[in-house]
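# Fold and contact review
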Amino acid sequence: MELQYKKLISKELNELENNLSSSVSSEIELATEVSSYLVNSGGKRIRPAICILVAKAFDYSGNDLIRLASSIELLHTATLIHDDVVDDATLRRGRPSVNRVWKNKASVLMGDFLLSIYNN
């Protein structure tokens, strides 16, 4: 069953997914591999969806909406990576957590990498 709000913003959610995928691409192979693992592991994307819905409620149609929504999701994902390291978590979104697959040092660096993308 598809949620009603997803029908209202399906175009923007598709743009969001495309933007997230392109945002995490890097010349550093490991950075792209880990970031892609995270972005493609799903998630509800509720934070960027709320951002998009609020923009629609105020009739905002500027070019920065998807960039802002992506930034919100990248910030959230970065904090989850750091949280998993601190908590020594084994799973995230039903898959092995980044720190389980790539260990703590690489995980912290990846969280920082996502924060640096968020800040650009």
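It should be noted that the structure appears before, not after, this text.
Bear in mind the structure is a predicted one, so any value in this text is a computation, not a measurement.

## Focus: a nonpolar patch on the surface
A cluster of nonpolar side chains, Ile46, Ile50, Val54 and Phe58, forms an exposed patch at the surface whose accessible area comes to about 390 Å². Within the fold, Phe58 resides in the loop between helix H4 (46–57) and helix H5 (65–87).

## Details of the pattern of salt bridges
As a working rule, side chains carrying opposite charge can pair if their charged atoms are close by. Counted by the stated rule, this structure contains eight salt bridges. In this structure, the salt-bridge partner of Glu15 is Lys11, at a minimum N-O distance of 2.9 Å. Residue Glu15 and its partner Lys11 are both found in helix H2 (residues 10–23); the two are separated by four residues, about one turn of the helix. Residue Lys11 is classed as exposed on the basis of its relative accessible area of 54%. Between Arg45 and Glu73 there is a salt bridge, with its nearest N and O atoms 3.1 Å apart. On the criterion of sequence distance, the pair formed by Arg45 in the loop between helix H3 (29–39) and H4 and Glu73 in helix H5 is long-range, its members being 28 residues apart. Residue Arg45 shares its accessibility class with Glu73, and that shared class is buried.

Thresholds, definitions, all that
- Residues numbered from 1 in each chain as written.
- Predicted model: local features only at pLDDT ≥ 70, side-chain atom pairs only at ≥ 80, totals over all residues.
- Heavy atoms only, no water.
- Patch = residues over 30% accessible without salt bridge, like charges linked within 9 Å, V, L, I, M, F, W, Y side chains within 5 Å.
- Areas by Shrake-Rupley, 256 points an atom, 1.4 Å probe, with all protein chains shown as cover.
- Salt bridge = Lys/Arg side-chain N within 4 Å of Asp/Glu carboxyl O.
- Helix = DSSP H or I, 4+ residues; strand = E, 2+ residues; numbered from the N terminus.
- Buried < 20%, exposed > 50% of the residue type's maximum accessible area, 1.4 Å probe, protein only.

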